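# Fold and geometry: a report
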Amino acid sequence: MTHDPATTKPAAPRPPATAAPVEPAADTTGAAVPGERAGVAPGAVAAARRAAAAAAEEASAFAHPAVPPDATAAYGEHPEQVVDFYRPRADGSGRGAPLVALLHGGAWRARYDRAHISPLAARLAGRGFAVASVEYRRGAPPPDAQDGPEPPVAGRWPETFDDVAAAVDALPALAVRTLGTGVVDPRRFLLSGHSAGGHLALWAAARHVLPPGSPWRTSSPPPVRGVVALAPIADLTSAIRLGVCSDAVTQLLGGPGHVAARLPHADPAALLPTGVAVTVVHGATDTEVPPAVSRAYAAAAAAAGEEVTAVWLPGRGHFALIDPASPAVSAVADELDQLAW
């Protein structure tokens with residue numbers, strides 16, 4: 001694990017959305033490896049190995065059975081406006097546990113819900129956190145709710161953002177009411193999320209710097225100690241350029257015709273500085289959300305005069321960060337500890 005605190009620079013305006021994001025350090029993992037057969041393109045064997053490793057990581061992360069929550073509460077009237085709560089393991093301190101709002105990933109698509117991140121939620125509860133696993137509206141439901149392929153639509157505009165804003169606003173009081181006074185310390189409130197959920201966590205921490213007139217804008221920063229974003233889709237312009245998750249960002253924003261108008265309301269890299277502590281944890285071999293996306297976000301923060309702490313996990317890809325069987329999850333918990341205690 002390597003820490004890479006972004007360098008603080010004098011405040012400067014963010015480059016236009018069309019500017020090229022900062023590229024990651026040269027990736028030599030695609031170099032030819034000893035023993036490649038003649039006639040195989042240079043790097044093909046290495047690429048196949050990376051793909052196999054990524055597939056194995058994903059299979060391991062999704063192999064764990066869903067962990068039932070200790071309680072579920074609603075933050076709105078829609079069936080998907082709910083939060084699963086995982087009670088913290090007592091630490092003997094006699095004070096309430098830090099509260100972590102956990103936002104799942106899945107490219108904002110309907111087929112992925114909070115069930116797949118429940119093993120991570122339970123693991124973090126075992127580390128002493130009160131965990132609130134937030135559900136929110138995603139994608140588009142299948143036509144007439146019939147069996148068949150799901151439309152490849154990522155997110156719902158504006159419902160996905162409506163839900164995350166409402167959930168984060170409600171969570172401190174809702175957690176105390178659901179888990180009990182003394183179980184949760186709402187003053188130690190953290191936001192976290194994986195992949196698309198990492199984007200939403202960063203966005204929720206930046207609502208006070210949304211453009212005037214934005215329906216989600218708040219008058220003051222959120223009452224959070226910080227954000228730990230896990231392989232986040234943190235710079236939407238970079239993610240669009242790289243086609244992350246089959247161009248999910250463009251779908252989230254409502255299609256190509258809406259991208260320019262909606263980016264200022266949705267892109268964490270355009271909503272800086274926030275004054276909120278941010279740590280990004282990213283696997284160095286991530287092929288789902290390339291590290292270049294997090295590097296672009298860190299560069300935008302530095303240009304705005306803000307420091308982001310980046311934690312790069314060598315040899316880890318996208319799904320290790322939510323797999324309780326992976327050592328990467330210990331690194332995630334450690335970073336939450338740093339901000340919470």
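No experiment lies behind these values; they were computed from the predicted model shown.

## Description of the environment of Ala270
- The topology assignment puts Ala270 in the loop between helix 7 (259–266) and strand 8 (278–283).
- In sequence terms Ala270 and Ala206 are 64 residues apart; their C-alpha atoms lie 9.6 Å from each other.

## Some points on the packing of aromatic side chains
- Counted under the stated rule, the structure contains six aromatic pairs.
- Centroid distance Trp157 to Trp216: 5.5 Å. Interplanar angle 85°. Geometry classified as edge-to-face. Pair noted here: Trp157 is in the loop between strand 5 (130–134) and helix 3 (159–179) and Trp216 is in the loop between helix 4 (196–204) and strand 7 (226–230), with a separation of 59 residues, a long-range link.
- Residue class for Trp157 comes out partly exposed when judged on its relative accessible area of 23%.
- Assessed through its relative accessible area of 5%, Trp216 is described here as buried.
- Aromatic pair Phe161 and Trp203: ring centres 5.0 Å apart, planes at 70°, arrangement edge-to-face. Note that Phe161 is positioned in helix 3 and Trp203 in helix 4, a separation of 42 residues in sequence.
- The buried category is assigned to Trp203, whose relative accessible area is 0%.
- Within the aromatic cluster, the residues linked to one another by ring pairs are Trp157, Phe161, Trp203 and Trp216.

## A short note on the nonpolar core
- Within the largest apolar cluster, 66 residues are counted, with the highest numbers of intra-cluster contacts made by Phe85, Trp108, Leu191, Trp203, Val227, Ile233 and Tyr297.
- With nine residues, helix 3 is the largest single contributor of residues to this core.
- Ignoring anything within four residues of it in the chain, the contact list for Leu191 reads Ala101, Val168, Ala201, Ala204, Ala205, Val224, Gly226, Val227 and Val228.
- In terms of nonpolar packing, the next biggest core, distinct from the first, is built from 30 residues, Leu230, Phe319, Ala331 and Ala333 among them.

## Quick word on the confidence of the model for the chain
- Across the chain, the average pLDDT comes to 87, with 83% of residues at 70 or higher.
- Contacts of residues 5–40 to residues separated by more than four positions or lying in other chains number 58 contacts, the stretch itself having pLDDT below 50.

## Considering the pairing of strand 7
- The buried count for strand 7 comes to five of five residues, which makes it a mostly enclosed element.
- Alternating residues of strand 7 divide into Gly226, Val228 and Leu230 and Val227 and Ala229, and every residue in both groups is buried.
- Where strand 6 (residues 184–194) and strand 7 come together, five bridges link them in parallel fashion. Note that in strand 7 the partner of Ser192 across the bridge is Val228.
- In this region the chain leaves strand 6, passes through helix 4 and returns to the parallel neighbour strand 7; the handedness of that crossover is right-handed.

## A look at the environment of Val83
- Along the chain, Val83 falls in strand 3 (residues 82–86).
- With relative accessibility at 0%, the residue Val83 sits in the buried group.
- Spatially, the C-alpha atoms of Val83 and Ala101 are 9.2 Å apart, while their sequence positions differ by 18 residues.
- Sequence-distant contacts of Val83, defined by excluding residues within four places in its chain, comprise Ala71, Thr72, Ala73, Tyr75, Ala132, Ser133, Val134, Leu171 and Leu174.

## Looking at the environment of Ala277
- Along the chain, the position of Ala277 falls in the loop between helix 7 and strand 8.
- Aside from chain neighbours lying at most four places away, what touches Ala277 is Arg225, Gly226, Val227 and Leu339.

## A look at the pattern of salt bridges
- In the structure shown here, the tally under the stated rule is 11 salt bridges.
- Note that Glu135 is salt-bridged to Arg138, the shortest N-O span being 2.9 Å. Both residues of the pair, Glu135 and Arg138, belong to the buried class.
- Across the salt bridge formed by Arg187 and Asp185, the nearest N and O atoms sit 3.0 Å from each other.

The rules we used
- Residues numbered from 1 in each chain as written.
- Predicted model: local features only at pLDDT ≥ 70, side-chain atom pairs only at ≥ 80, totals over all residues.
- Heavy atoms only, no water.
- Helix = DSSP H or I, 4+ residues; strand = E, 2+ residues; numbered from the N terminus.
- Phe/Tyr/Trp six-rings, centres within 6.5 Å; stacked < 30°, edge-to-face > 60°.
- Buried < 20%, exposed > 50% of the residue type's maximum accessible area, 1.4 Å probe, protein only.
- Core = buried A, V, L, I, M, F, W, Y, C linked by side-chain atoms within 4.5 Å.
- Contact = heavy atoms within 4.5 Å.
- pLDDT = per-residue confidence, 0-100.
- Pairing = 2+ DSSP bridges.
- Right-handed = clockwise from strand over helix to strand, strands pointing away.
- Salt bridge = Lys/Arg side-chain N within 4 Å of Asp/Glu carboxyl O.

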